[in-house]
Amino acid sequence: MPLALMRAQGRLRRELSSQICTLRTAPLRASIFAAWALPVRQVRKAKGGDMEKNDIEELRARVGCAAVLEHEGFAIDRKESTRRAVKFRRDDDIIIVIHDDRGWFDARSDAKGDVFALASYLRGIGFTEALTVVGDLVAFQPTAPAWDKPLHQTQTGASIADRWSHRKRPWRASATWSYLRQNRALPWQVISLAIDADVLREGPYGSMWAKHVDEAGAVIGWEERGPDWRGFSTGGAKALFRFGKVDARRICVTEAAIDALSLNAIEQTRSDTLYVSTGGGWSPLTAQALQTLASGEGAWLVAATDNNVQGEVFADRLRQMADSASCDFSRLRPEAEDWNEELKGRREKGELPHTRTAHQG
């Protein structure tokens, strides 16, 4: 870079650092701009000295939610994260980062928003102070998730339905069959039933695709699980993975398709039960689908979510939904953290899946 240009940039930064840009409510430290100002632009100031919307939008674009969370002592839960939903934990606090690091929600409440709302929420401060907090993090580089998704070409021009239909169903001794049998301890009978129900597909590199459908039964996305990868279909939407009797009275709600299949194995495929998975999320489509199921005649909603903080949050939402729909409700917890861990633990002990009653409470 030419020395003259470097000197010009230095002078501009010093000038910006000396400016104090204010909002209507309170002054904002000049360091917020000194850190992130572009070398060839000047801070635009609206009439009355207010920070312009464009400046706020640029600051929002430069600092992600992950930076705020890591700075506040949160860490990524890699096991429970995907590319589209990165879970951060701090003790019992859980924040899910979405929209490519631009949005977030609290797994234990209805709090959500952008990076400024996150800074306000964590520190209990107003928008003006949140601008300062976010501005001070422009140069902060959060830890990047080390995703293990296998590299493969995606059919970017194909629809969700086409991409699903072009994948083969698993078969005995296929890579997906082996993954489900060996890595996940699922009995061959359950895998066969799932294949016959057309809810599984062979994913890349021995992974499994588990179909999510809308209320008309059309495929709209799928959960992806494999030995080294977990995620959700690119361009797909989460609603519910469904396995079992379509018009069943008893609806067991889990957080993953693997858990739905595992609970089905543990309960020895109850004929009165529909096993569903939310895919670890709670989208409007998911809530609508569950509300429809809970409103069915004689419905019995069973919160079979994980045995952890997030599982209890989901269970409480299901309890409220059951109350609203005036349907029966019960909480079914695995003794392990989730139903697949429960199933694998029973296999290691030499127990058949149906020889013990799942813990209820």
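See the structure shown above.
Starting from 1, residues in each chain are numbered consecutively following that chain's sequence as written. Totals for whole chains, interfaces and linings use all residues, but because this is a predicted model, local features are given only for residues with pLDDT of at least 70 and pairs of side-chain atoms are given and counted only at 80 or more. Water and hydrogen atoms play no part in the side-chain values, which are based on all heavy atoms of the structure.

Trainee: What am I meant to see in unusual backbone geometry here?
Mentor: Glycine aside, the phi torsion of most residues is negative, and most peptide linkages are trans. At Tyr205, a residue that is not glycine, the phi angle is positive and equals roughly 55°. Numbered from the N terminus, helices here are DSSP runs of H or I no shorter than four residues, and strands are runs of E no shorter than two. On the secondary structure map, Tyr205 appears in the loop between strand 6 (200-202) and strand 7 (208-213). Given the relative accessible area of 59%, Tyr205 is considered exposed. In this structure, Thr269 takes a positive phi of about 55° despite not being glycine. For Thr269, the position within the fold is in the loop between helix 10 (257-266) and strand 12 (273-277). Type-normalised accessible area, obtained with a 1.4 Å probe on protein chains alone, sets the label of each residue: buried when under 20%, exposed when over 50%, and partly exposed for intermediate values.

Trainee: Where do I start with the pattern of salt bridges in this structure?
Mentor: Opposite charge on two side chains permits them to pair, given that their charged atoms come into close proximity. Any carboxyl oxygen of Asp or Glu within 4 Å of a side-chain nitrogen of Lys or Arg constitutes a salt bridge here. Applying the stated criterion to the full structure yields 19 salt bridges. Of the charged contacts in the structure, one is a salt bridge between Glu72 and Arg123, with a shortest N-O distance of 2.9 Å. Remark: Arg123 occurs in helix 5 (residues 115-123) and Glu72 occurs in the loop between helix 4 (65-71) and strand 1 (75-76); sequence separation between them is 51 residues. For Glu312, the salt bridge is made with Arg331, and the minimal N-O distance between the two is 2.9 Å. With a gap of 19 residues between them, Glu312 in helix 12 (residues 309-325) and Arg331 in strand 14 (residues 328-331) connect regions that are remote in the sequence. The exposure class of Glu312 is partly exposed, given its relative accessible area of 30%. Overall, Arg331 belongs to the buried group, its relative accessible area being 1%.

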